[in-house]
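Structural overview for review
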Amino acid sequence: MTEQTYAAGGGVETIQADAVNSRTRRPLYAARVKIFPKAVDGFYRRLKWAILAVALAVYWITPWLRWDRGPAAPDQAVLVDLANRRFYFFFIEIWPQEFYYVAGLLIMAGLGLFLVTSVLGRAWCGYACPQTVWTDLYMAVERLVEGDRNARMRLDKAPWGLEKIRKRVTVHTLWILIAVATGGAWVFYFADAPTLLRELVTLQAAPVAYTTIAILTATTYVFAGFMREQVCTYMCPWPRIQGAMLDEDSLIVTYNAWRGEPRSRGQKKALAQGLDVGDCVDCNACVAVCPMGIDIRDGQQLECITCALCIDACNDIMAKVGKPRDLISYTTLRDYETHSAEARRAGRAVATQNQRRVGVSHVVRPRTILYFSLWSLIGLAMLFGIATRDRLDLNVLPDRNPLYVTLADGSIRNGYTVKILNMVPETRSFVLGTDGLRNAQLRLAEGDGQGGSELRIDVEPDRLREVKVFVTLPRDEVRRERSDFRFVVRDVESGETSHEGTHFHGPEQ
Ligand code: SF4
Ligand code: SF4
């Protein structure tokens, strides 16, 4: 790869750029060859900037959003509260026993990825994957300090001097600051962000917080600064999995060879000589902007993350040479075959004129309908589950030793450990009673030992209260060695109830 550029036919500048990572030239594993992607402007580049800004803003701002849940619960909108084993997401609070909601969210994320992949190929990789977003950010810093492709290549080859040291130190300092901010933001999802920030700067935070930040700082710095496309090509399993998900109707970034070939740098001369030339002026602009170091004209490659920057670069060239856009475009294999056949049959100009744009039929098809239906069903089921789920839970454990006690008046007493879980952030009063036992008397073992056919028990916000309860039956009501019944707990105000079956033991009959 050299920094040299020269003018080609048609006034377009041809860039000397090797596709260092094109499959056709690589073994199964190859050591990294430095890539110097050229800056490009266009629709997809601007879309990528917008997605990058939103993704980073969401990542860095989210832990600082507040959500009032009352005095008994944290006011951080999104919080993984490991100490209290809770996950808070705005108005949703997930308890450990409700972890299936998190599993549901993961399944939805998987199906969403399948859906996007079957419609837009590796859109996730090209636009929203953290590796892409952070690498893009690192490249922007690099470009800001060291200049565009040619300047960076020159600097890379230049001997070490003051200027080179100054630029490299600036780039790496900015990279490390971004990496620290990345690692730092992550830990704020696991504790109250303002408190943790205070503890971090006063060196009073837990060692695990510093360790996590250090690990994430190092991985961000190494992955986005040095390994870049190597992570996508060799470490990530996703490129392999995609192959199974793409079909002939998936939109993928494609070089329309039926239009571009035979490529020619001296188009005017070739045309004057009556030679057949395609629309590709072989300027290498698409190769020079590719962050993966490949040439899309070599066909579909595992390395291509479908970032579409080559589309922007080529559209720019097509505008300069006065030819239609989309020599490189998002297209489907089916459309590509149709156009190729048309170009062979009716000629390149006719096929180019009829080149199809992305339409509804690319998106709505059986596979995408299936993915979308499954995704929506799971989402609706989860919403319904969350809207109607119990905020009260009851758990009962009968005493094993002794199974029962005969009191002085002959009545029989059983002991139980009763756990009442109040899952709302305010104190609630409950009434605990039995169902299925006649004339049962309940008594709390602790406190004032209140008794009666029902017990009144208060439970603090977001807490589990465990009480020891004695249930006593008159001797003539105990007709079996073991009788089934259930404890019933009822919220005095809302009337919400929960129950749990258990047994009452008595002497042999
Ligand atoms: S070939 Fe084009 S779409 Fe694929 S990674 Fe390179 S620039 Fe992005
Ligand atoms: S495909 Fe487009 S950008 Fe790439 S070399 Fe040909 S004309 Fe240039």
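Procedures and definitions
Residues numbered from 1 in each chain as written. Chains lettered and ligands numbered in written order. Predicted model: local features only at pLDDT ≥ 70, side-chain atom pairs only at ≥ 80, totals over all residues. Heavy atoms only, no water. Helix = DSSP H or I, 4+ residues; strand = E, 2+ residues; numbered from the N terminus. Rg over C-alpha atoms; globule rule 2.2 N^0.38 Å. Buried < 20%, exposed > 50% of the residue type's maximum accessible area, 1.4 Å probe, protein only. Contact = heavy atoms within 4.5 Å. Areas by Shrake-Rupley, 256 points an atom, 1.4 Å probe, with all protein chains shown as cover. Lys, Arg positive; Asp, Glu negative; His and termini not counted. Charge placed at Lys NZ, Arg CZ, Asp CG, Glu CD. Pairing = 2+ DSSP bridges. Axes fitted to C-alpha atoms, helices over the stretch in contact; angles between N-to-C directions. Patch = residues over 30% accessible without salt bridge, like charges linked within 9 Å, V, L, I, M, F, W, Y side chains within 5 Å. Salt bridge = Lys/Arg side-chain N within 4 Å of Asp/Glu carboxyl O. Expected span 1.5 Å × (residues − 1). Near = heavy atom within 4 Å. Nonpolar A, V, L, I, M, F, W, Y, C, P; charged D, E, K, R; others polar. Domains from an automatic or database assignment. Phe/Tyr/Trp six-rings, centres within 6.5 Å; stacked < 30°, edge-to-face > 60°. Lys NZ or Arg CZ within 6 Å of the ring centre and 35° of its normal.

Scanning the chain for helices and strands turns up 18 helices and 17 strands. Taken over the C-alpha trace, the chain has a radius of gyration of 34 Å; the compact-globule value for 509 residues is 23 Å, which it surpasses by more than 25%. Referenced to the eigenvectors of the C-alpha coordinate spread, the extents of the chain come out at roughly 120 × 60 × 40 Å. Relative to its 509 residues, the chain shows a buried fraction of 48%. If you take every contact in the chain between residues at least 6 apart in sequence, the share linking residues at least 24 apart comes to 70%. In the form shown here, the chain has an accessible surface area of approximately 25,800 Å², with 62% of it arising from carbon and sulfur atoms. On the chain, the mean spot of the 61 positive side-chain charges and the mean spot of the 56 negative ones are 9 Å from each other.

Attention shifts here to the sheet that holds strand S3 (residues 78-81). As summarised here, the arrangement of the three strands in space is S3-S4-S5, forming an open sheet in which the pairing is antiparallel. Sheet topology places S3 and strand S5 (92-94) at the edges, where each strand pairs with a single neighbour. Ignoring strand direction, the axes of neighbouring strands in this sheet form an average angle of 10°.

On the surface, Val360, Val363, Val364 and Ile369 cluster together into a nonpolar patch covering about 350 Å² of accessible area. Along the chain, valine 360 turns up in helix H17 (residues 360-363).

Turning our eyes to something else, we now look at helix H18 (residues 366-388). Between the first and last C-alpha of H18 there are 32 Å, a value that for 23 residues agrees with the 33 Å anticipated at 1.5 Å per step. Inspection of H18 places Thr368, Tyr371, Ser376, Gly379, Met382, Gly385 and Ile386 among the buried residues, and these make up the whole buried set. The inward-facing, buried residues of H18 contact S5, helix H2 (100-120), helix H10 (238-245) and H17.

The next point concerns the site of ligand 1. If you check the shell around ligand 1, you find Val253, Cys290, Pro291, Met292, Ile294, Ile296, Cys304, Ile305, Thr306, Cys307, Ala308 and Cys310 and nothing else. Class assignment of the residues belonging to the shell around ligand 1 gives a composition of eleven nonpolar, one polar and no charged.

On to the site of ligand 2. What surrounds ligand 2 is the set Tyr255, Cys280, Val281, Asp282, Cys283, Asn284, Ala285, Cys286, Arg297, Cys314, Met318 and Ile328. For the shell around ligand 2, the secondary structure elements donating two or more residues are helix H13 (285-289) and helix H14 (309-320). For the shell around ligand 2, the class distribution of residues is nine nonpolar, one polar and two charged.

Moving on: the domain arrangement of the chain. Frequently, the measure chosen for interface size is the accessible area removed from exposure when the parts meet. Partitioning the chain into domains gives domain 1 (252-358) and domain 2 (392-505). Summarising the inter-unit geometry, the C-alpha centres of domain 1 and domain 2 are found 77 Å apart.

Opposite charge on two side chains allows them to pair when their charged atoms are near. The tally for this structure, following the rule as stated, stands at 39 salt bridges. For the salt bridge of aspartate 462 with arginine 86, the shortest nitrogen-to-oxygen distance reads 3.8 Å. Here the residue aspartate 462 occupies a position in the loop between strand S14 (455-459) and strand S15 (464-473), and arginine 86 occupies one in strand S4 (residues 86-89), the gap between them amounting to 376 residues. Comparing aspartate 462 with arginine 86 shows no difference in burial state: the two are buried. Here the salt bridges do not stand alone but share partners, grouping Glu142, Arg143, Asp148, Arg152 and Arg228 into one network.

Moving on, we get to the packing of aromatic side chains. Tallying each qualifying case throughout the model produces 22 aromatic pairs. Between tryptophan 175 and phenylalanine 226, the aromatic rings sit 5.9 Å apart at their centres with planes inclined by 85°, giving edge-to-face as the arrangement. With tryptophan 175 in helix H6 (residues 162-187) and phenylalanine 226 in helix H8 (residues 207-227), the pair connects residues that are 51 residues apart, well separated along the chain. Overall, tryptophan 175 belongs to the buried group, its relative accessible area being 3%. Pairing tyrosine 221 with phenylalanine 226 gives two aromatic rings, centres 5.1 Å apart and planes at 85°, and the pair type is edge-to-face. In this structure phenylalanine 226 comes out as partly exposed when scored by relative accessible area, which is 36%. Taken together, the aromatic side chains of Tyr59, Trp60, Trp134, Trp186, Tyr189 and Phe190 make up a single cluster linked through ring pairs. For the cation-ring pair, lysine 48 lies above tyrosine 127, with the distance from its terminal atom to the ring centre recorded as 5.8 Å. Residue placement shows arginine 413 over the ring face of phenylalanine 470; its charged tip is 3.9 Å from the ring centre.

Its location among the elements puts isoleucine 61 in helix H1 (residues 43-61). A sequence separation of 365 residues divides isoleucine 61 from glutamate 426, and the C-alpha atoms of the two residues are 28 Å apart.

This brings us to the pairing of strand S6 (residues 252-255). In regular strands, side chains alternate between the two faces of the sheet. Side chains of S6 alternate between two faces, with Ile252 and Thr254 and Val253 and Tyr255 buried alike. Note that S6 and strand S7 (residues 328-331) share four bridges and pair antiparallel. Pairing of tyrosine 255 across the sheet is with isoleucine 328, part of S7.

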